[in-house]
Each structure stands twice: as C-alpha cells, then as structure tokens.
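Structure assessment
Letter by letter, the chains look like this.
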Amino acid sequence: MNYQKFRIFFAKPNRLFLLFAILLVAYVRLRLLDIAFERDEGEYAYAGQSILQGLLPYHDFYNMKMPGTYFAFALIIKYLGHHAIAIRFATMCINFFNTGLVYLIAKTKLKADESIIAPSVYLLLSLTYEAQGWVSNSEHFVLLPALIGIYLLSNVEKNEISKQNFLLTCAGIALMSAFLTKQHAFGYLLFATLWIGFISLESPKTFHFSNLINSSFLKTLITRYFFFGIGCLLPTIALSEYLYKNHLFEPFYFLTFKYAAAYTSLISPPLKYISNFRPIFWNSCVHWILFFAAIRVLLLPKWADKIDKNKSKSLHLRIFLLLFFACSFACVCPGGYYRPHYFQLMFPSAALLIALGIARCCILWAKTTQKWQLNPVKLQIMGFCAFILAQFGYLFLWSPNEIMLNMYDGDVCTEMRSIGKMLPSLTKSNDKIGILGGEPQVYFYANRMASTGFLYHYPLIEHQPYAIPMSKQFVTETEKARPKIFIYSYQINSKTHNQVTSNYLNHWKKQFCNDYDMIGKIYKDLSKPFSPPDLRWKHLNQDISSDSCVVTEIFKRKSP
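Residues numbered from 1 in each chain as written. Predicted model: local features only at pLDDT ≥ 70, side-chain atom pairs only at ≥ 80, totals over all residues. Heavy atoms only, no water.

1. Brief notes about the overall build of the chain
To keep it simple, the criterion reads: In this text, helices come from DSSP runs of H or I with a minimum length of four residues, and strands from runs of E with a minimum of two, each type numbered from the N-terminal end. Working definition: with a 1.4 Å probe on protein chains only, accessible area under 20% of the residue-type maximum means buried, over 50% means exposed, and in between means partly exposed. Should any heavy atoms of two residues lie within 4.5 Å, those residues are considered in contact. Note on areas: these come from Shrake-Rupley sampling with a 1.4 Å probe, and a residue is covered only by the protein chains present in the view.
Along its length, the chain carries 23 helices and six strands. Burial statistics for the chain: of 560 residues in total, 56% are counted as buried. Taking the intrachain contacts of the chain between residues at least 6 apart in sequence as the baseline, contacts between residues at least 24 apart amount to 76%. Taken as a whole, the chain presents about 24,900 Å² of accessible surface, with 64% of it coming from carbon and sulfur.

As structure tokens, then:
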C-alpha cells in the first residue's frame, strides 16, 4: 500500500475532515454492532433467514415491501453468518460505499475542494440519532443501487454516443433495482426521467417550446429513453421470472400494490409524523442553515453567475442539484408518514447542497466584505462541533440498551432478543413460534419458523378493507401450525386500532391459549416512562411494582 499517496490525499483541511468523519462513523457503528434488533431489522433478518431455508416471500411470509432488502439480508447471512453483528457490519460497509458514491457524484458536478466536503457531510447526516443512523434499515440498501445509477447518469453527457447508451442502460438497471428494493425509490426514477430530458436539450439556456418538435432533439430523447428503459426492464424481467416460476404473481401484486395502496391511504393524526421534521433539522442545524443558503444561491441566478462565470455550467449545476433534492425528498413522502429513517433517502442530495453552501457562501462573503475571512474550514468546524454537541450522548455515552429505550420509549426490543435466545432450549428445530404482536426479530434470534406469514399484527388491526380477511387468515394459519411457543403483545389493545379486528383477535387469543401454559411475562413500570421493561420467567408476579402492567405474555403449548 502506498502510504505516501494516502498522506498527501488527507493533507488538506477539507480532506482531514473527511478522515475525522470516517473515524467517527466507524467508531460509533462498531460500538453499536451488538445493539438489539428493532422491528424492521427483525423482519428483514427473518426474511433473509427464511429465503436461505427455501421459503418464499409473499407465500411463506407477507409484507407490502419489495423483495430487494430480503435478498440482500439473505446474502449477508449466507456469507457473513447468522448473527446481528454480521448484518450491522455489512450495513456499515454499505454506508461507507454509499459515501464513496456521494463523493464520485460530487466530483462530477462540484469543484475539487467542494467534492471532498460532500461525503463528510453525508457521513454525519447518515449517522444521526434522529434518523436512526445505527439501524440496518432498508434505506441503506436502496441508496446503494440508486447512487450508482445517479452517478452513471451524471456522466452521460460527457461521453460519446455509444458509451452514453451503455451508461443509460446500466443506470436503468441500478435505479430499477433500487425501486425493487423499496417502493420509495420511485423518486430516483423520476429524477432520471427528468434529467435525461434536460440533458437532451441542445441548449437548455435558450430553450423554447418549439425545440420539442426538433427532429434532432426527439431522436436523441427517444434513443436515450429507449436504452434507459431497456435497463429498467432487465431487473423487472428477472423478478417477473422468479415470481412466475414460484407462482407468486397474485400474492405479490396484492401485497405490494393493492394492500400498499390501502396502507398509504390510511388517515393518520395530522401532526403525528410531520413532527419528525424538527429533530432531523434541529440537531444538525448548522448543516441545514448552509443547506438553505445553498438553495438561496441556486435559486438566484445573479448570485450563481457571480460565482460561475460560465452561465451554461451554472444552470446545469442548479438544475441537477435542485432536481436531485426535490426527487429525493419525494422518496421520503409516500403515505405522508415521514418516519425518521425515511430521511436517509434525501441525505445524499442534501450533502451535495450543503457542500455547495459551505464553499459558495465563503466566495460570496469574500466578495462582499474584507473585515474578516470566512473559509470552508471554519464552517466545517462549526458544523462538526454542533453535530458532536447535539449528538454527544448517543455518540459516546449511552449504552446500546439506553439508546433503544430512548428511541423506542421503553419498548421491548431488548427483551425480545433475550426471549429469542432462550427459545431454542424450549423448542426443537422444527417447532414453530407464533406471535400476535410486532416483534418478528424473535424468529431470527431463535432461528425458528413463524407459524404464520403475518410477521406483524399491524395489517390485521389497521382501518383498511383487507383487515378482516387478513385476521381470519392469521387465525387459520396459526391454528394449523400449532406453534410450540406463542407470544402475545398488549399493543394490540390500542384504542386507535380497528376495534372490530382487535376484539376478534383478542377473543380468539383467550380461547387459543387454553391449550398453553404461561411461562413468562414482560412488565412495564408506568411511573417510569423510559425505564427498561422487566422480563420475568417462572416467578411471574414476585416483587412487581404496583405501577407495573403486563405488556407481553409468553406461552408454551401443553400437549406435545
């Protein structure tokens, strides 16, 4: 290894900040490798485990999400091992790979010094506590192919026609793969469609609607869309062949389109999810101030042209960055839920804009005042220090259990890991586990099959038209499987849920558990909101606080 080149690369201050960001992210992610799985991670991990055992998505386990993340987790488990640490380590590597792609995209659009700022900003944003940076959420796996596709698109106009067609085809493959990982990536496909149209104009600066009937423009546009469409078709055909071979078209269409449409149409409390905006922006406030400064520079052509004398290049940059961010933000918006980890999808585009804001604001400052110098390094120091101060407890002080308790308000994720690791001693390898609740990570930790394809109880108790038939299917599958262990979560009793199906499932649970002995309970002390839940085996009621209530019950079947 040439250490001299490495030393030279990190000799400049901007590059030194990139090194600090890499070391900080590596430290925090390695520190939290063994943190307990939360629900979504548990679903993906169990799905990957099931695929390796020969089970089929949409047939043996159900969800409205596209299958890409399931197969990604299957590959991780196969080659790195059946352990949460392996999955989190793979996520860390993917995060670093995504950072490299952000750098490559920045390098094609920004100046050399600016392109070094973007990856360091992205690393910090992607690590934030509020965006669940430590969690192996599907967004990391969506960004990997999406950023590859966007990088290829950013290079199209720089190459000769034959190579352009190849790049467009590869970009189509990558971006459609991102969509087949999660539907939210539709925004990146929208970006690609609009960007291809923009770069096909011979002179965007002097655009007129009469250009749209120009034969040269139409020929270029149709050719580029054709090759991009071919690329999009290839992974679609591969998935279609898999679905056709395994007779999965009908359940796939129902879950990923019909049920997904019903889910996104659910009416949620008006400010319940919009409130997630505040922590995302507030705790990285310096970075976001610079982000809005960059937006202001880009939206005011006079300012942009003062910095870039080449007006055509300035317009090209403005359109790329603003369009990329707008479409990335669209990826966050489906259903209007704005869950914290969705914001990961807009961080690459935001990092490019923040890098531009840092560099270009310094140029504008130098043009307007000579009193004191403002340079990118000073702004980076401010952003870095603000980030460290806002996230200090999470980055350096909180234990993995404290992080879970603070993020999930005393939920039972950590206890579910304990239960999952206990169950192999109570079951045989071919025994099944039933759960009426929202904790599919138990299946992964126990390395046992689920008694039903419904890994969550949420679809069963939502106010959507398929809730009743889904609930009946859940009951039928569970009774047929006769699970050795049955876990019941009291979350199903919430007043905001569909009371018809909630009452139906609660009534069924009382009858079903007549054949089971209770072997454990999880208690929650209501007087201490962020206290850890109390998992009890055998002596279920010994020394329990009067303010405690049961949140989960664990049953074992009486008969063999």
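2. Digging into the packing of aromatic side chains
So the rule is basically this: For Phe, Tyr and Trp, rings pair up if their centres lie within 6.5 Å, where Trp contributes its six-membered ring, and each pair is then called stacked (planes under 30 degrees apart), edge-to-face (over 60) or tilted (otherwise). Only when the NZ atom of a Lys or the CZ atom of an Arg is both within 6 Å of the ring centre and within 35 degrees of the ring normal do we say a charge sits over the ring.
On inspection of all chains with the given rule, the structure shows 39 aromatic pairs. With a centroid separation of 4.7 Å and 20 degrees between ring planes, the pair formed by Trp508 and Phe512 is classed as stacked. Here Trp508 pairs with Phe512, and both are found in helix 23 (residues 499-512), just four residues apart, close to one helical turn. One aromatic cluster is present, formed by Tyr44, Tyr46, Phe61, Tyr70, Phe73, Phe141 and Tyr443 through successive ring pairs. The ring of Phe320 carries Lys109 above its face, with NZ or CZ at 4.9 Å from the centroid. A cation over a ring is seen here: Lys509 above Tyr488, with NZ or CZ 4.6 Å from the ring centre.

3. Observations concerning the packing of helix 5 (residues 84-109) against helix 7 (residues 138-154)
Stated formally: Angles here are taken between N-to-C directions and fall from 0 to 180 degrees, while the axes themselves are lines fitted to C-alpha atoms, restricted in helices to the stretch in contact. Roughly parallel refers to an angle under 35 degrees, roughly antiparallel to one over 145, roughly perpendicular to one between 65 and 115, and oblique to any angle outside these ranges. Should the near helix be turned counterclockwise from the far one by less than a right angle, the crossing is left-handed, whereas a clockwise turn marks it as right-handed. Residues were grouped as follows: Ala, Val, Leu, Ile, Met, Phe, Trp, Tyr, Cys and Pro as nonpolar; Asp, Glu, Lys and Arg as charged; and all remaining residues, including Gly, as polar.
Two numbers describe how helix 5 lies on helix 7: the axes approach to 9 Å, and their chain directions differ by 20 degrees. Considering their axes alone, helix 5 and helix 7 lie roughly parallel with respect to each other. When you trace helix 5 past helix 7, the crossing you get is left-handed. Every residue of helix 7 that contacts helix 5 at Thr91, Ile94, Asn95, Phe97, Asn98, Leu101, Val102, Leu104, Ile105, Thr108 and Lys109 is listed here: His140, Phe141, Leu143, Leu144, Leu147, Ile148, Ile150, Tyr151 and Ser154. Taken together, the residues of the contact of helix 5 with helix 7 break down into 13 nonpolar, six polar and one charged.

4. Some words on the pairing of strand 1 (residues 432-436)
Quick note on the threshold: By definition, two strands form a pair when at least two bridges between them are found by DSSP. By definition, the crossover connecting two strands over a helix is right-handed if that path, from the first strand to the second, turns clockwise as seen with the strands pointing away from the viewer.
Of all five residues making up strand 1, four are buried, and the element is well covered by its neighbours. Summarising the sheet, strand 1 and strand 2 (residues 449-450) pair through two bridges and their orientation is parallel. For Lys432, the partnering residue across the bridge sits in strand 2 and is Met449. Handedness of the crossover joining strand 1 and strand 2 through helix 21 (residues 441-446): right-handed. Sheet analysis places strand 1 next to strand 3 (residues 485-489), joined by four bridges and oriented parallel. Within the sheet, the bridge partner assigned to Leu436 lies in strand 3 and is Tyr488.

5. Structural notes on the environment of Lys109
We apply this condition: In the analysis that follows, any N or O atom pair within 3.5 Å is treated as a polar contact, provided that within protein one partner can donate a hydrogen and the other can accept it, and provided that, for residues neighboring in sequence, both atoms belong to side chains.
Summarising the element assignment, Lys109 is placed in helix 5. A residue is classified by how much of its surface remains accessible, and Lys109, at 11% relative accessible area, is buried. In the structure, Lys109 is positioned 207 residues away from His316 in sequence and 8.9 Å away in space, judged by C-alpha atoms. Setting aside its immediate chain neighbours within four residues, Lys109 contacts Ser154, Glu157, Trp195, His316, Leu317 and Phe320. Within the local environment of Lys109, its side chain forms a polar contact with the side chain of Glu157, the two groups lying 3.1 Å apart.

6. With respect to a nonpolar patch on the surface
For clarity, the cut-off: Two distance rules govern patches: like charges are joined within 9 Å, and nonpolar side chains (Val, Leu, Ile, Met, Phe, Trp, Tyr) within 5 Å, applied only to residues with over 30% relative accessible area and no salt bridge. Here, a salt bridge means any side-chain nitrogen of Lys or Arg that lies within 4 Å of a carboxyl oxygen of Asp or Glu.
Residues Ile173, Phe226, Ile230, Leu233, Leu234 and Ile237 make up a contiguous nonpolar surface patch of about 510 Å² in total accessible area. Considering every element that reaches the nonpolar patch, the biggest residue donor is helix 10 (residues 215-245), with five residues. As for its position among the elements, Ile237 is in helix 10.

7. Some remarks on the pairing of strand 4 (residues 516-525)
Burial within strand 4 is extensive, with eight of its 10 residues counted as buried. Inspection of the sheet shows strand 4 paired to strand 5 (residues 534-537) by four bridges, in the antiparallel sense. Following the sheet pairing, Ile522 is matched in strand 5 by Leu535.

8. Comments concerning the pattern of salt bridges
Tallied over the full model, the rule gives eight salt bridges. The residue Asp34 makes a salt bridge to Arg417 at a minimum N-O spacing of 3.7 Å. Of the two residues, Asp34 sits in the loop between helix 2 (13-31) and helix 3 (39-52) while Arg417 sits in helix 20 (residues 413-422), which places them 383 residues apart along the sequence. In this structure Arg417 comes out as buried when scored by relative accessible area, which is 14%. Across the pair Glu43 and Lys65 runs a salt bridge whose closest N-O atoms are separated by 2.9 Å.

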